[in-house]
Amino acid sequence: MQMNALEIQGVSKTFGANKVLADLNLSLRKGEVHALMGENGAGKSTLIKIISGVHRADEGVMYLNGEKVEFHSPYEAQIGGVATLFQEIQEIPDLTVAENLYAGMEPRKNRFLIDWKALYEGAQKQIDALGLKIDATEKMRHLSPSSRKMVEIIRAVHKRKASIVIMDEPTANLNQGEIDALFSMIGELKKKGVSIIYISHRMREIFQVANRVSVLRDGRLIRTEDIDNITEEEIVKLMVGRDLPALYPQRTLPENAVAMKVTDLSVEGELDKVTFDVRRKEILGIAGLEGSGATSVIKAMFGLKHVTSGTIEVDGDVLAIRTPKTSIAQGLAYVPEDRKHDGLFLNKTVGFNLVASVLKSHFSRLGFVVRKREAQAASKDVIKRLGIKTSGTHSKIGSLSGGNQQKALLGRWLVGSYRAILLEEPTRGVDIGAKVEIYKEISALANSGLPVLMYSSEMLELIGMCDRVVVIRNGKVSGILSGVELTEEKILSKALSN
Amino acid sequence: MQKSQTQNGVAGWLGDYRSEATLVILLCLAFAVAPLFTEFFLTSDNLFNLSRQGSYLSIVAIGMALVLIVGGIDLSIGAIMQLVGLCTMLLLGSGVSAGNAFLLALLLGAGLGVINGVLCVYGKMQPFIATLATGGIMTGIVMTYTEGNAVAPQGIDPLFKEIGGGAIAGIPIPAAVMIVVVALFWWVMTNTTYGKNVYAVGSNKNAARNIGVNTNLVLCSVYVVSGTLAALAGYLTFARMGTFQPATAATGGTPVEMVIMAIAAVVLGGGSLVGGKGTVLGAFLGATVSAVMLNYLVLLGMGIWFQRFILAMIIIFVVLLAQKNEAA
């Protein structure tokens, strides 16, 4: 009988009031590629963080090659043979490729001196063996994002003879040649008996590379299955669960009148003459793979990019795109994709966060004296309307769960009136319950007559929420999908090639 | 959830003003035990002098508080006090009235603040480097012009010395000015959109931009506030003396020491060098505690060097205490 590379039994993890993992079991065979599937917030990232020693499980045990292990830090996990490749690139940009590859385990001439020749030759050999065109003496900073990712992958895999390699969305930035190189690397690893946990949203890859697949939902393992015994549709069904219809609100049809018109929007090197319109009461989605420019559309419209050409009309008025300040003054509301970095004032109160954007316009005398009581009352209304779970307007927003933080981020635009709503990743990293409420609110905003523009990297969300979806590829609109054409397949095919 | 519920009510309010509360307790203690050590502390003469001595530091600390709240730093305030003091004296010597010299002094301070702000925001220099350099330039100008000697013009407007040494209703004029400044900026920071914008920029610059705050303007403005208040403190300091004396360790503190004391005051009051935190009230209390302690130590006959030692110890103690409370 063959021992499993990794055996996880009864693992649970709670963050605050949020049960992220509940009594989860998972086994990983030697030399297999095991795909982990699940929506954002299903618990995948928490699970891999527990395996790689970033978090500790509240309950449950973990066996690595038959031995019971408990990792207290990522370092211990690495020593134990778990190599993790996180979504974010974790390199040192001012060191060379070779130095990054060997960071912490440089070949040495003696105790003190690094053997630079061996370091550069060894690194170049590893790169060449994979058929990649990367110069080992180049500084990481000067590499393209995809090349950096490849270096990161090589490093993670070869570091300390890993017996388990965890890959979280490894192909997110890669082109086809690099994806092929990655897959051949995976093949080599499998031959050596290394097991791989593979996380990807791209269904096709899963069927190409995985041996087995496990589907997680709401922190539970729903099913583990051989890849040959399951179909794409079944996986999706398992991922979203039976309550799919209830997840997205019932929409009313948009009106025919165009409310917002974007014409020839261009940003140097990112967007090329992007043109579309949004009707009254319509939710228009924007889709595109990473690097396609899809994430730049809303930023450019809001004044966060240097727009080289193009016009935005709302209700027939051409807007002047300069800075967020002028965009807001002209009626645009914006929810950024990274709520911690670009959205919230984490060390400030819930009340501060909810009304900061409208203090001057709605709650001030003479334009600068704050009417505190009214502002407070307004923020209480928003808390109630969105069901934000907080002990009051005076709690620090950083102490709230991700879902409640995200609700607050949307909620700040519910005070005051706007002419168009721009949303980026409106439900990133929030639990299903919060998702449902955010979706309901977005739908209500649209139903009130506003055009809503929504960028999301989750195709299911776009399909569930949007009336039409604009697909961006290489900075251009490659298609606008609606009705029966609005499927994951169609979006992907428009996003990938002509 | 359970955790945030405990932050309600009085405890919650104190949570926001923990540093301030600590300082108030410290001040009360100092006043309570003072008679045990020295009979002079609670005399009206001493308190009169103390309130005037403390006012200069309080005024510059308010400006420093705004700068630290946005995550910047202004190392030039001591040098601004010097340069403004020299210019004021030269203006008075050429027959300008004390009132007009006052307005020109504030204008000069604001202008120097604009230079700092423009270098930091539009020149994209690190505030530490930019203000260190501008402060150095200003000190250089003062020392080159005076060659280290006093400037004491004759026949200047007598009102000048009256502002520095006189009193209104028993309160020294510099202390009265300080009270107005503290009250004004306390109100500005807690009740106006400008105050909220300063906190927003300090808490998260990107987020502030995304809700429509002109972040560059806000960042620039705090250096103007800081420069203007430093000019005000400089004017009042030299009005007290009636002459201009280039600052050295021998004449009661170099420009750099003023900067350190101001930063210490803000940090004592709950501010942080990484921005987003701090209050006007905290900066005022921090400055007052420093002034009281120094006064105390003088009365106890401690030397000037030992005073600095004690003051530094207090900073470490109070900041550690504040952090411990925050973590709890």
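Residues numbered from 1 in each chain as written. Chains lettered and ligands numbered in written order. Predicted model: local features only at pLDDT ≥ 70, side-chain atom pairs only at ≥ 80, totals over all residues.

### A few points about the overall build of chain A
Now for step 1: Across its full length, chain A holds 19 helices and 22 strands.
Now for step 2: Its C-alpha radius of gyration of 24 Å places chain A within 12% of the 23 Å reference for a compact globule of 498 residues.
Now for step 3: Structurally, chain A occupies a C-alpha span of about 70 × 50 × 45 Å along its principal axes.
Now for step 4: Taking all 498 residues of chain A together, 46% fall into the buried category.
Now for step 5: Residue pairs in contact within chain A that sit at least 24 positions apart in sequence constitute 67% of those at least 6 positions apart. (Helix = DSSP H or I, 4+ residues; strand = E, 2+ residues; numbered from the N terminus. Rg over C-alpha atoms; globule rule 2.2 N^0.38 Å. Buried ≥ 20, exposed ≤ 12 C-beta atoms within 10 Å, placed from the backbone. Contact = placed C-beta atoms within 7 Å.)

### Quick notes on the sheet that holds strand 3 (residues 33–37) of chain A
All names here are of chain A.
Now for step 1: Spatial strand order, 6-7-8-3-9-10: six strands in an open sheet with mixed pairing. Among the strands making up the open sheet, the edge pair consists of strand 6 (82–85) and strand 10 (220–226). Within the sheet, the average angular offset between the axes of one strand and its neighbour, ignoring direction, is 20°.
Now for step 2: Relative to strand 10, strand 9 (residues 212–217) runs antiparallel, the two being bridged by six bridges. Across the sheet, residue Leu-216 finds its bridge partner in strand 10, namely Leu-221.
Now for step 3: Along the sheet face, helix 5 (residues 145–158) touches strand 6 and strand 7 (164–168) and points at about 170° away from the line of strand 6.
Now for step 4: In this fold helix 8 (residues 232–240) packs onto strand 3, strand 9 and strand 10, with an angle of close to 25° to the strand it touches most, strand 9. (Pairing = 2+ DSSP bridges. Axes fitted to C-alpha atoms, helices over the stretch in contact; angles between N-to-C directions.)

### Here's the deal with the interface of chain A and chain B
Now for step 1: Contacts between chain A and chain B engage 30 residues on the former and 25 residues on the latter.
Now for step 2: At the level of elements, helix 11 (324–329), helix 12 (339–343), helix 14 (359–362) and strand 18 (369–370) of chain A are the ones that each hand at least two residues to the side of chain A that touches chain B.
Now for step 3: In terms of residue class, the side of chain A that touches chain B is built from 13 nonpolar, twelve polar and five charged. (Nonpolar A, V, L, I, M, F, W, Y, C, P; charged D, E, K, R; others polar.)

### Some details on the sheet that holds strand 11 (residues 258–267) of chain A
Now for step 1: In space, the four strands of this open sheet follow the order 12-11-14-15 (chain A), with antiparallel pairing throughout. If you trace the sheet from one side to the other, it starts and ends with strand 12 (271–279) and strand 15 (317–318) of chain A, each paired once.

### Overview of the environment of Asp-342 of chain A
Now for step 1: Assignment of secondary structure puts Asp-342 of chain A in helix 12.
Now for step 2: Given 21 C-beta atoms within 10 Å, Asp-342 of chain A falls into the buried group.
Now for step 3: Those residues within four positions of Asp-342 of chain A in sequence are excluded, and the remaining contacts are Pro-336 of chain A together with Asn-206, Ala-207 and Asn-210 of chain B.

### Here we look at the nonpolar core
Now for step 1: Counting 177 residues, the largest nonpolar core has Leu-422 of chain A together with Val-60, Ala-61, Ile-62, Met-64 and Ala-262 of chain B as its most contacted members.
Now for step 2: A total of 16 residues in this core trace back to one element, the largest contributor, which is helix 12 (residues 215–241) of chain B.
Now for step 3: Each of domain 2 (243–331 + 418–498) and domain 3 (343–417) of chain A accounts for three or more of the residues forming this core. (Core = buried A, V, L, I, M, F, W, Y, C linked by C-beta atoms within 7 Å. Domains from an automatic or database assignment.)

### So, the domain arrangement of chain A
Now for step 1: Entries for chain A in the domain assignment read domain 1 (6–241), domain 2 (243–331 + 418–498) and domain 3 (343–417).
Now for step 2: A straight line from the C-alpha centre of domain 1 of chain A to that of domain 3 of chain A covers 39 Å.

### Section: the pairing of strand 13 (residues 283–287) of chain A
Residues and elements named next belong to chain A.
Now for step 1: Within strand 13, five of the five residues are buried, which leaves it mostly tucked inside the rest of the structure.
Now for step 2: The two faces of strand 13 match: Ile-283, Gly-285 and Ala-287 on one face and Leu-284 and Ile-286 on the other face are all buried.
Now for step 3: Of the pairings in the sheet, the one linking strand 13 to strand 20 (residues 452–455) comprises four bridges and is parallel in character. Directly across from Gly-285, in strand 20, lies its bridge partner Met-454.
Now for step 4: Direction of pairing for strand 13 relative to strand 21 (residues 468–473): parallel, over a ladder of four bridges. Bridge pairing in strand 21 places Ile-286 opposite Val-470.

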